[in-house]
Amino acid sequence: DQQVKQNSPSLSVQEGRISILNCDYTNSMFDYFLWYKKYPAEGPTFLISISSIKDKNEDGRFTVFLNKSAKHLSLHIVPSQPGDSAVYFCAGEAGGTSYGKLTFGQGTILTVHP
Amino acid sequence: DSGVTQTPKHLITATGQRVTLRCSPRSGDLSVYWYQQSLDQGLQFLIQYYNGEERAKGNILERFSAQQFPDLHSELNLSSLELGDSALYFCASSVDGGPYEQYFGPGTRLTVT
């Protein structure tokens, strides 16, 4: 049972345009969501997070939107830069004793063309 | 650089063998997490330790075990290795058990032949 799904394995975007990465989840116990970026041969790097009590969180060029009723979140990168090319993972975290147990999606490969 | 260190970077071993992967968390972090990334399964949570005690378990096989020492470094022991255990093993750490961002190390690539 895949609790976190990233249905687009890849996304290609022109430099300067917006990149939108999507994520769907099925576990209604998730109350915290995170996005990570991963370059080859490196560990995942934390990007941005959002609590379930919010519907938007912004940090520089990165904005995460959460739609709880649709069990959907998205990461917007504006403007996209070639250095953003990486694999992006979303992850969900349930509360209480499940804090710390991240459930990851399969990842989306983002390619930003100059 | 996340501040989390993992050794070794690469490990090649034979089926049936036992290996130990080591992780040092970021300074000040009390929680350590282990994840496995294989081609077909993606990033899977294995186990979490908080200040020396096991806090949460995921899909960790009985052949695998972990511990966190008083200096907060952690070791993941994998025994009776099978070909399917070949994967990237990541360690992550955070200040507390969550919900806080976890910071990942560079990983150990294990190849079982």
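Before reading further, recall that the structure is shown in the block above.
Position numbers for residues count from 1 along each chain, tracking the sequence in the order it is written. Following the order in which they are written, the chains are lettered starting with A and the ligands numbered starting with 1. In keeping with the model being predicted, local features are shown solely for residues with a pLDDT of at least 70 and side-chain atom pairs are shown and tallied solely at 80 or more, while totals for entire chains, interfaces and linings include all residues. With hydrogens and water excluded, all non-hydrogen atoms of the structure serve as input to the side-chain values.

Digging into the state of the cysteines
Worth spelling out the cut-off: Note on disulfides: each one is a pair of cysteine sulfur atoms within 2.5 Å. Numbering of helices and strands runs from the N terminus, with a helix taken as a DSSP run of H or I at least four residues long and a strand as a DSSP run of E at least two residues long. Residue exposure (1.4 Å probe, protein chains only): buried if accessible area is under 20% of the type maximum, exposed if over 50%, otherwise partly exposed.
Across all of its chains, the model carries 2 disulfides over all chains by this definition. In this model, Cys23 of chain A is linked to Cys90 of chain A through a disulfide, with the two sulfur atoms separated by 1.8 Å. Across the S-S bond linking Cys23 of chain A and Cys90 of chain A, the dihedral sits near 65 degrees, which makes this disulfide right-handed. Taken as a pair, Cys23 of chain A in strand E3 (residues 19-25) and Cys90 of chain A in strand E9 (residues 86-94) lie far apart in primary sequence, 67 residues in all. For Cys23 of chain A, a relative accessible area of 1% corresponds to the buried category. Note on Cys90 of chain A: relative accessible area 0%, which makes it buried. Disulfide pairing is shown between Cys23 of chain B and Cys91 of chain B; the S-S distance is 1.8 Å. Measuring handedness by torsion sign, the sulfur bridge of Cys23 of chain B and Cys91 of chain B sits at about -50 degrees and is left-handed.

Re the side chain of Thr108 of chain A
All names here are of chain A. For clarity, the cut-off: Here a polar contact is recorded for every N or O atom pair within 3.5 Å, except that within protein the pair must consist of a potential hydrogen donor and a potential acceptor, and residues adjacent in sequence are included only if both atoms are side-chain atoms. We call two residues contacting when some pair of their heavy atoms lies within 4.5 Å.
Here Thr108 is to be found in strand E11 (residues 108-113). A relative accessible area of 3% places Thr108 in the buried class. There is a polar contact of 2.7 Å between the side chain of Thr108 and the backbone oxygen of Ser8. Once residues lying within four places of it in the same chain are set aside, the contact partners of Thr108 are Gln6, Ser8, Pro9, Ser10, Leu11, Leu21, Ala86, Val87 and Tyr88.

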